[in-house]
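Each chain, letter by letter, is given below.
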Amino acid sequence: MSDQTLDPQDWDRFRAETRDLLDHCIDLMQNAGERPWQHVPEGLEDSYAIGQTAAQGADVMDRLRTDVLPYHAGNTHPKYWGWVQGSGLSTDIAASMVAAVMNSNCGGRNHGANYMERAVIDWTRQKMGMPESAFGVFVTGTSQATAQAFAAARVKTLGKEVREAGQVGQRLTAYAAAGVHNATKKGLELIGVGSGNLRLVPLKDGRLDVTALKEMIAEDRAQGALPFLLVGTAGSVDLGLYDDFHALADVAAAESLWLHVDGAFGAWTRIAKEPYRSLSDGIERADSIAMDFHKWMYVSYDCGLCLVRDGEDLRNAFAARPVYLDGKERGVASGEPWFCDYGVDLSRGNRAIKVWMALETIGEEAFSEAITRNCDLAGFMAQEVQAQAGMALACDPVSNVCVFTAQTDLPAEAQSALNVRIAVELQESGEAVFSTTKIGDVEMLRAAIVNHRTTNAHIREAVQAVAALASA
């Protein structure tokens, strides 16, 4: 048998090649403004086909430069505002290196990465205003966090025995504002409640209508259903709107509902300055919050958190320790709590290190200022839009989202076609990335600014580019 490992045979050569690649990566991040999204060329997928024999390390490093790094998703660029995609941080480079060297499985056992994750969760708990009983688990993102929080709500409502016996007979109902993120529907499907039992409550003044909510709950109870879950939104998908969390918490308490907040990006106004911080007032009364660090805390993908007011509720939904996962008082298998007891993942990477390093290196105050500035920039974009003849806002920005149409004097269908064409042409030219969303009968241009590299000049240039295409 061979004694050869999979480690490099020439560590010095590996060190030199990797240092060169690191320098190249830092150069690319430093000059992110010169690297917009671009189309993937024909044949690129074929170039990624795995060879039958190993290539030289230097050859692979060269291919990373020429065939991999140029074809990124675009969201590191300062004029990328499509969907809600964070821009990444320089600290992610070092954090990812350290995570790779440590190669920690954060499902459990006694090692430093788990202690770091608990520290970052506790920092987040404090920022959200939750009590010391709160606990959570890092996940891929808000979609997974939502499903896990819903599972905890279901077990809380029906008892731990539902984990083994399954849900039989009883119809559970959930409530959320019309336009709630699709993660809520998927989460209800995953836990067996079904998206057909999600009641979509109309909006009033941009918020879930509490009067209509109460009427729906009463109607469902009268028909034999068991209302169990109320979902509030911190930063709606289309317009960045916020529900009244104090009002929702009052209803949840009166009706014995679990209050969950989809805070994918909007929860982070808790560390913004006024007037934006107060948008999320009352979020501290939630039973659970789903949020992403890879959106408005800017760290690299993926990095989400499921935070639950009473950590035991999350544990009751997921804890399962067969004999091969028994904890011990000493040694590697000590170190309670284990994160595998708080979610579906046993094998888990070290996501928390990206957040920890960012906060320790850059500081909370800098993030507060960046989030606040993004909201201000949405307001500045609105001013630039209003200064252009023919353009119009869907509504005044509430937080960091600005939605507008490029030409109001066209019929709705023609406006929509123009806005879509402008979005695509700006994406393909590398000038800016807007996504689109439908407001009423018109598909409009939408900018969700979760980009710490964006400046007023970038906003002005992008709006002028829209105006030029609208008049062409």
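Not measured: the values here are computed from a predicted model.

Let us look at the side chain of Ser 288. If you trace the backbone, Ser 288 turns up in strand β8 (residues 288-292). Ser 288 gets classed as buried once you look at its relative accessible area, which sits at 0%. A distance of 2.8 Å separates polar atoms of two side chains, one belonging to Ser 288 and the other to Trp 258. Setting aside anything within four residues of it in sequence, one finds Ser 288 in contact with Met 130, Ala 149, Trp 258, Leu 259, His 260, Val 261, Leu 307 and Val 308.

Our focus in this paragraph is the pairing of strand β13 (residues 442-448). The buried fraction of β13 is high, at 6 of 7 residues. Of the strand pairs in this sheet, strand β11 (residues 401-405) and β13 are connected by 4 bridges, and their pairing is antiparallel. The partner of Cys 402 across the bridge, within β13, is Ala 447. Pairing geometry for strand β12 (residues 435-439) and β13, over 5 bridges, is antiparallel. Counted as the bridge partner of Ile 439 is Val 442 from β13. Counting the residues that bridge the hairpin from β12 to β13 gives 2 residues, and of these Gly 440 lies at a positive phi of roughly 65 degrees.

The subject of this paragraph is helix α8 (residues 182-190). When α8 is considered as a whole, its buried residues turn out to be Ala 183, Thr 184, Gly 187 and Leu 188. Down the axis of α8, the buried set is contained in an arc of 135 degrees. They therefore lie on one face. On its buried face, α8 is in contact with α6 (142-158), β2 (172-177), β3 (198-201) and β6 (226-233). Two residues or fewer after α8 comes Gly 192, characterised by a positive phi angle close to 90 degrees.

Moving on, we come to the layout of surface pockets. One simple way to see leftover space: roll a probe sized like a water molecule over the atoms. Of the pockets and cavities examined, the largest pocket occupies roughly 720 Å³. Forming the boundary of the largest pocket are 26 residues, of which Met 29, Leu 69, Thr 76, Ile 93 and Ser 300 lie nearest the centre. For the lining of the largest pocket, the elements supplying multiple residues, two or more each, are α1 (11-30) and α4 (91-102). Ranked by the residues each element gives to the lining of the largest pocket, the list is headed by α1, at 6 residues. In the lining of the largest pocket, the residues fall into 14 nonpolar, 10 polar and 2 charged.

Contact pair helix α9 (residues 210-222) / helix α10 (residues 245-255): the axes reach a minimum separation of 11 Å and the direction vectors enclose 20 degrees. Taken together, α9 and α10 sit at an angle that is classed as roughly parallel. Considering only the axes of α9 and α10, their crossing is right-handed. In this structure, α9 uses Val 210, Leu 213, Lys 214, Ile 217 and Arg 221 to contact α10, whose residues at the interface are Ala 247, Leu 248, Val 251 and Glu 255.

If you trace the 7 strands from one edge of the open sheet to the other, you get β1-β9-β8-β7-β6-β2-β3, paired in mixed fashion. The open sheet has two edge strands, β1 (135-139) and β3, and neither has a second partner. For this sheet, the mean angle separating the axes of adjacent strands, direction not counted, is 20 degrees. The pairing of β1 with strand β9 (residues 304-308) spans 5 bridges and is antiparallel. If you follow Phe 138 over to β9, its bridge partner there is Leu 305. Helix-sheet contacts for helix α12 (residues 311-318) involve β1, β7 (258-262) and β9, and the interaxial angle to β9 is about 110 degrees.

With that settled, consider empty space enclosed by the protein. A full pass over the atoms with the stated rule returns 1 cavity of 30 Å³ or more. Estimates place the volume of the largest cavity at around 50 Å³. Taken together, Pro 36, Trp 37, Gly 74, His 77, Lys 79, Tyr 80, Gln 427, Gly 430, Glu 431, Ala 432 and Val 433 make up the lining of the largest cavity. Split by residue class, the lining of the largest cavity holds 5 nonpolar, 4 polar and 2 charged.

Attention now moves to unusual backbone geometry. With omega at 15 degrees, the peptide bond leading from Glu 274 into Pro 275 counts as cis. Positionally, Pro 275 belongs in the loop between β7 and β8. For the peptide bond that leads from Glu 336 to Pro 337, omega is -5 degrees, which places it in the cis range. The residue Asn 103 is not glycine, and still its phi comes out positive at about 50 degrees. Classification of Asn 103 as exposed rests on a relative accessible area of 64%. The phi dihedral of Tyr 298 is positive, around 70 degrees, even though this residue is not glycine. Of note, Tyr 298 is situated in the loop between α11 (293-296) and β9. A relative accessible area of 1% means that Tyr 298 is categorised as buried.

One pass over the structure, following the stated rule, counts 21 salt bridges. A salt bridge links Arg 13 to Glu 17, with the nearest nitrogen and oxygen atoms 3.0 Å apart. With a gap of 4 residues between them, Arg 13 and Glu 17 both fall in helix α1, about one helical turn apart. Judged by its relative accessible area of 40%, Arg 13 is partly exposed. In this structure Glu 17 comes out as buried when scored by relative accessible area, which is 15%. For Asp 281, the salt bridge goes to Arg 270, with nearest N and O atoms at 2.9 Å.

Glancing now at the state of the cysteines. Enumeration over the complete set of coordinates arrives at 0 disulfides. For the unlinked cysteine Cys 375, the closest cysteine sulfur is that of Cys 402, found at 12 Å.

Each value, and the rule that gives it
Residues numbered from 1 in each chain as written. Predicted model: local features only at pLDDT ≥ 70, side-chain atom pairs only at ≥ 80, totals over all residues. Heavy atoms only, no water. Helix = DSSP H or I, 4+ residues; strand = E, 2+ residues; numbered from the N terminus. Buried < 20%, exposed > 50% of the residue type's maximum accessible area, 1.4 Å probe, protein only. Polar contact = N/O pair within 3.5 Å; in protein donor to acceptor, adjacent residues only side chain to side chain. Contact = heavy atoms within 4.5 Å. Pairing = 2+ DSSP bridges. Arc of directions from axis to C-beta. 1 Å grid on protein atoms, 1.4 Å probe; cavity = no way out; pocket = protein on both sides within 12 Å on 5 of 7 lines; lining within 4 Å. Points joined across faces, edges and corners; volume = space filled by probe spheres on them. Nonpolar A, V, L, I, M, F, W, Y, C, P; charged D, E, K, R; others polar. Axes fitted to C-alpha atoms, helices over the stretch in contact; angles between N-to-C directions. Parallel < 35°, antiparallel > 145°, perpendicular 65-115°, else oblique. Left-handed = near helix turned anticlockwise from the far one by under 90°. Salt bridge = Lys/Arg side-chain N within 4 Å of Asp/Glu carboxyl O. Disulfide = S-S within 2.5 Å.

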